Amino acid sequence: MPKHLPVVISQGQSANPQKRGLEEELVAQLLMEPGIEVTLVPHLYDLKPDGTGMLCLQNMPGNFVVISWLYERAAFWTLDRNKVRGRFGQTVLKFETDDEDDGEAAETAADEKARVDAERTKPNRTIHCLDFRAADNAEAFVREIRRIRDEAAVQTHALDMGGLGIGGGSSNGGSDMPATEFLQGSPTTEQLAKLDSPSDRNVDAQPTVIEEPAGRRWYPVIDFSRCTNCMECIDFCLFGVYGVDTVDTILVEQPDNCRKGCPACSRVCPENAIIFPQHKSPAIAGSPDVEAGGLKVDLSKLFGAPDESPEAAAVRERDEQLMLAGRDKVGAGVGLKKRQADKSDQPKDELDNLMDQLDELDI
C-alpha cells in the first residue's frame, strides 16, 4: 500500500476569485501535511478520456481523494466511466442540499432489483470524493483529509502487525485477535507518532500540476449502483449517445454526440441512474439526496418553468433538440414503449370501461 495518500484537486471551470482562493489555500495547507501528495488537474468533468489529466488519474496507485466542484456521487461515477474505478469512500464532510428526501418508499421497492454494479469487478481500493461546496474554508477539508489519512494509516498499521503475528490471525500463527480489532476507533496521537516519521512531512513540497486544454463538455454519466440495464435510455435517446458493451451492458458510447443542455434521458430513467453533473437541478446533477426511483420535482418549476411530469419534460426537451438539429419532432411515440406497456397492465377504472362501451356501440 502506498505510504502517502494522494489528494487530487479538480479546479473549477471559472476564474471566480473566491473559488480560486479556496483551491489555492487548500493546496497550500495540504502541502504542509504529512503523508499527503497533492495533484492539480483541470475540471474533472471536462477531462478527455485519453488526455493527460485522466491518464494521471488512471495511474493513481491505491486509495486516493478527489475534491471537485461536483456532487461526490457525480465525481465518483465520472471517474468510473473513465476507467478510474474503486469502492465509494464514505465521507463526513458533505454538501447539503435544501431538497427534502421523498424517495424512501421508491428506494425500498427498488432494492429488490439487480444492479449492474453488483456484477462488475473493481480494484481493491477506495476513492473518497469531496465537494468543494461542502465548506467555505480550507480547514474543513484539511480536517476531513486528515481523518481519511489517519484512518487508513491505522488500518495499514494493524494489518502490518497482523503480518508480524500481533493481532493478525489470518497471516500466521500469531494471536487470534483480528487485525481490525488490534487498533479500534480514531487513531491516538501516540499511534500516529509511530506511523509518521520526519521523512513523511512535506518540506518545500510542490504539487504535481497537470495542464491540459479542456473545453466545457456535456454528456451523461451512469451511476451503475442504481442502473438495472433496462435500456430505456438507449431507446429514448435519438442522438447515438448510448450503446452496449460485449456483454450487452449499457454504456455511454459517444458522449460528445449528446446535445448540450439536454438532460431528457435522465428524466426517463426509472432509477435516477443517469447524471448530468453540470445541470442546475440537484436531482439530475447527482445529488445523493435523490434516491433510486424517487426523482424529485425540478426546482426550476418554482421559477416559472412548465409544470409537467418528468416524461413530458423529457419528450419536450428531446423534440427541441431534434428541431435544432434540423430533424422532425417525434413526441411521446418513440422511446417510451416500456412505460406505455407497463401502463396497459394496470386495471381499468370506470372511465376506461365507459369508453370501451362507447366503442362497442360503434356510434
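As shown above, the structure is provided for reference.
Quantities reported herein were computed from a predicted structural model and do not represent experimental measurements. Numbering of residues starts from 1 in every chain and runs along the sequence as written. In keeping with the predicted nature of the model, local features appear solely for residues at pLDDT of at least 70, side-chain atom pairs appear and are counted solely at 80 or more, and the whole-chain, interface and lining totals rest on all residues. Where side-chain values are given, they derive from all heavy atoms of the structure, hydrogens and water being excluded.

**Q** Describe the packing of aromatic side chains, with residues and values.
**A** Only Phe, Tyr and Trp rings take part, Trp by its six-membered ring, and two of them pair if their centres are within 6.5 Å. Stacked means planes under 30 degrees apart, edge-to-face means over 60, and tilted covers everything else. The final tally for this structure, using the stated rule, is eight aromatic pairs. Here phenylalanine 76 and phenylalanine 88 contribute two aromatic rings whose centre-to-centre distance is 5.1 Å and whose plane-to-plane angle is 75°, an arrangement assigned as edge-to-face. You can see phenylalanine 76 sitting in helix H3 (residues 72–81) and its partner phenylalanine 88 sitting in strand E4 (residues 87–89), a full 12 residues away along the chain. Only protein chains enter the accessibility calculation, which uses a 1.4 Å probe; a residue whose area is less than 20% of its type maximum is buried, one above 50% is exposed, and one in between is partly exposed. By relative accessible area, phenylalanine 76 is classed as buried at 3%. Phenylalanine 88 sits in the partly exposed class, given a relative accessible area of 31%. In textbook terms, an aromatic cluster arises when at least three aromatic residues are bridged by ring pairs, as seen for Phe76, Trp77, Phe88 and Phe224. The ring of tryptophan 69 is capped by lysine 19, whose NZ or CZ atom sits 5.0 Å from the centre of that ring. Our definition puts a charge over a ring when NZ of Lys or CZ of Arg is within 6 Å of the ring centre and also within 35 degrees of the ring normal. The ring of tyrosine 71 carries arginine 133 above its face, with NZ or CZ at 4.4 Å from the centroid. Helix numbering and strand numbering both begin at the N terminus, where a helix is a DSSP run of H or I of at least 4 residues and a strand a DSSP run of E of at least 2.

**Q** Can you explain helix H1 (residues 17–30)? Please cite residues and give values.
**A** For a helix, the expected span equals 1.5 Å multiplied by the number of residues minus one. Under the 1.5 Å per step criterion, the end-to-end length of H1 is 20 Å for 14 residues, consistent within 8% with the ideal 20 Å. Within H1, the full set of buried residues consists of Leu22, Glu23, Leu26, Val27, Gln29 and Leu30. What qualifies as a polar contact is a pair of N or O atoms within 3.5 Å, subject to a donor-acceptor requirement within protein and to the restriction that residues adjacent in sequence count only when both atoms come from side chains. For H1, the side-chain oxygen to backbone nitrogen distance between the N-cap and glutamine 18 is 2.8 Å, and the N-cap itself is asparagine 16.

**Q** How would you explain the pattern of salt bridges if you had to name every residue and give the values?
**A** What makes a salt bridge here is a side-chain nitrogen of Lys or Arg within 4 Å of a carboxyl oxygen of Asp or Glu, nothing more. In the structure shown here, the tally under the stated rule is 20 salt bridges. With a closest N to O distance of 3.6 Å, arginine 85 and aspartate 80 form a salt bridge. By relative accessible area, which is 29% here, arginine 85 ends up partly exposed. In this structure, the salt-bridge partner of glutamate 317 is arginine 267, at a minimum N-O distance of 2.9 Å. Here glutamate 317 is found in helix H11 (residues 310–324), whereas its partner arginine 267 is found in helix H9 (residues 264–268), with 50 residues between them in sequence.

**Q** Residue-level account of the side chain of threonine 78, with values.
**A** In this fold, threonine 78 is placed in helix H3. Side-chain polar atoms of threonine 78 contact the backbone oxygen of alanine 74, separated by 2.7 Å. Should any heavy atoms of two residues lie within 4.5 Å, those residues are counted as being in contact. If we ignore the near neighbours within four places in the chain, the residues touching threonine 78 are Leu44, Tyr45, Tyr219, Val221 and Pro277.

**Q** Give me the lowdown on the environment of threonine 126, citing residues and values where you can.
**A** Mapped onto the fold, threonine 126 is located in strand E5 (residues 126–131). Threonine 126 sits in the buried class, given a relative accessible area of 13%. Considered as a pair, threonine 126 and valine 65 are 61 residues apart in the sequence and their alpha carbons are 8.6 Å apart. Setting aside anything within four residues of it in sequence, one finds threonine 126 in contact with Asn63, Phe64, Arg87, Phe88 and Gly89.

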